[in-house]
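# Fold and contact review
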Amino acid sequence: RRFERYRTCIRVRVQVRGRDYDGFVLDISQGGMRVSTEQVADVWSGDDVRVECEELGLVTGEVRWRSPGRFGIRFDESTNTTAKFEHFRKHLGPVM
């Protein structure tokens, strides 16, 4: 993997195709996150996604994969996203 991953359990609101989904971030890295949600049926690889949570604010990315109950997001590369992650990383637990 390109980036170290950190386990977490953060409540998030995900927006895909104009619909909002509630979920949890199971793990996160500088490059993306794995989200758990019961509402994954309308989420597809390649979809643009917006993720909002108190800890990170708003970040954007692309769905890279999906499986029952979860999907992976690759963050859009930007200095803003990197800065948000680096600030948040200081409060995370051990590396996976």
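Structure's up top.
For every chain, the first residue of its written sequence is number 1, and the numbers climb from 1 along that sequence. Totals for whole chains, interfaces and linings use every residue, but because this is a predicted model, local features are given only for residues with pLDDT of at least 70 and side-chain atom pairs only at 80 or more, for both listing and counting. Think of the side-chain values as coming from all heavy atoms in the structure, minus any hydrogens and water.

## Focus: the packing of aromatic side chains
Each aromatic pair joins two rings of Phe, Tyr and Trp (for Trp, the six-membered one) with centres within 6.5 Å, and gets the label stacked for planes under 30 degrees apart, edge-to-face for over 60, and tilted for any other angle. Evaluated as defined, the whole model comprises 1 aromatic pair. The interplanar angle of 50° and the centroid separation of 6.2 Å between the aromatic rings of Y6 and F85 together place this pair among those described as tilted. Linking Y6 in strand 1 (residues 6-16) with F85 in helix 1 (residues 79-89), this pair joins segments that are 79 residues apart in sequence. The two residues Y6 and F85 agree in class, both being buried. Here the basic side chain of R66 rests over the ring of W44, its NZ or CZ set 3.8 Å away from the ring centre. Numbering of helices and strands starts at the N terminus; helices are DSSP runs of H or I of at least 4 residues and strands are runs of E of at least 2. Burial classes follow relative accessibility: with a 1.4 Å probe on protein chains only, a residue under 20% of its type's maximum area counts as buried, one over 50% as exposed, and anything between as partly exposed. We call a charge positioned over a ring when the NZ of a Lys or the CZ of an Arg lies within 6 Å of the ring centre and within 35 degrees of the ring normal.

## Things to note about the pairing of strand 1
What you see with strand 1 is a clean split: Y6, T8, I10, V12, V14 and V16 sit on the buried side and R7, C9, R11, R13 and Q15 on the side with no burial. When DSSP finds at least two bridges between two strands, those strands are taken to pair. Across 9 bridges, strand 1 lies against strand 2 (residues 19-28) in antiparallel orientation. Across the sheet, residue V12 finds its bridge partner in strand 2, namely G23. Here strand 1 folds back onto strand 2 in antiparallel fashion, the turn holding 2 residues, of which R17 has a positive phi close to 55°. Bridge analysis of strand 1 against strand 4 (residues 48-53) gives 4 bridges, and the strand direction is antiparallel. Following the sheet pairing, V16 is matched in strand 4 by V49.

## A look at the pattern of salt bridges
Within this document, salt bridges are pairs made up of a side-chain nitrogen of Lys or Arg and a carboxyl oxygen of Asp or Glu, the two lying within 4 Å of each other. Evaluation of the coordinates by the stated rule reveals 9 salt bridges. Ionic pairing is found between R13 and D20, a salt bridge with its closest N-O pair at 3.9 Å. Accessibility expressed as a relative area gives 40% for R13, which makes it partly exposed. Here E62 and R74 are joined by a salt bridge, their closest N and O atoms 3.6 Å apart. In this pair, E62 is assigned in strand 5 (residues 57-67) and R74 in strand 6 (residues 70-75), connecting sequence segments 12 residues apart. For R74, a relative accessible area of 41% puts it in the partly exposed group.

## A look at the pairing of strand 6
The pairing of strand 3 (residues 32-36) with strand 6 spans 5 bridges and is antiparallel. In the sheet register, S36 faces strand 6, and the bridge partner there is R70. In terms of strand pairing, strand 5 meets strand 6 through 6 bridges, oriented antiparallel. Bridge pairing in strand 6 links S67 to R70. The antiparallel pairing of strand 5 with strand 6 creates a hairpin that spans 2 residues between the two strands, and G69 there sits at a positive phi of about 80°.

## Let's talk about the nonpolar core
Counting 23 residues, the largest nonpolar core has V12, V14, I28, M33, V51, F71 and I73 as the members making the most contacts within it. When contributions to this core are tallied by element, the ones reaching two or more residues are strand 1, strand 2, strand 3, strand 4, strand 5, strand 6 and helix 1. The element contributing the most residues to this core is strand 1, with 5 residues. Whether two residues are in contact is decided by their heavy atoms: any pair within 4.5 Å suffices. Apart from residues lying up to four places away in sequence, V51 is in contact with V12, R13, V14, M33, G57, L58, V59 and I73. In this description, a nonpolar core means a group of buried Ala, Val, Leu, Ile, Met, Phe, Trp, Tyr and Cys residues linked to one another through side-chain atoms lying within 4.5 Å.

Geometry only, nothing functional implied.
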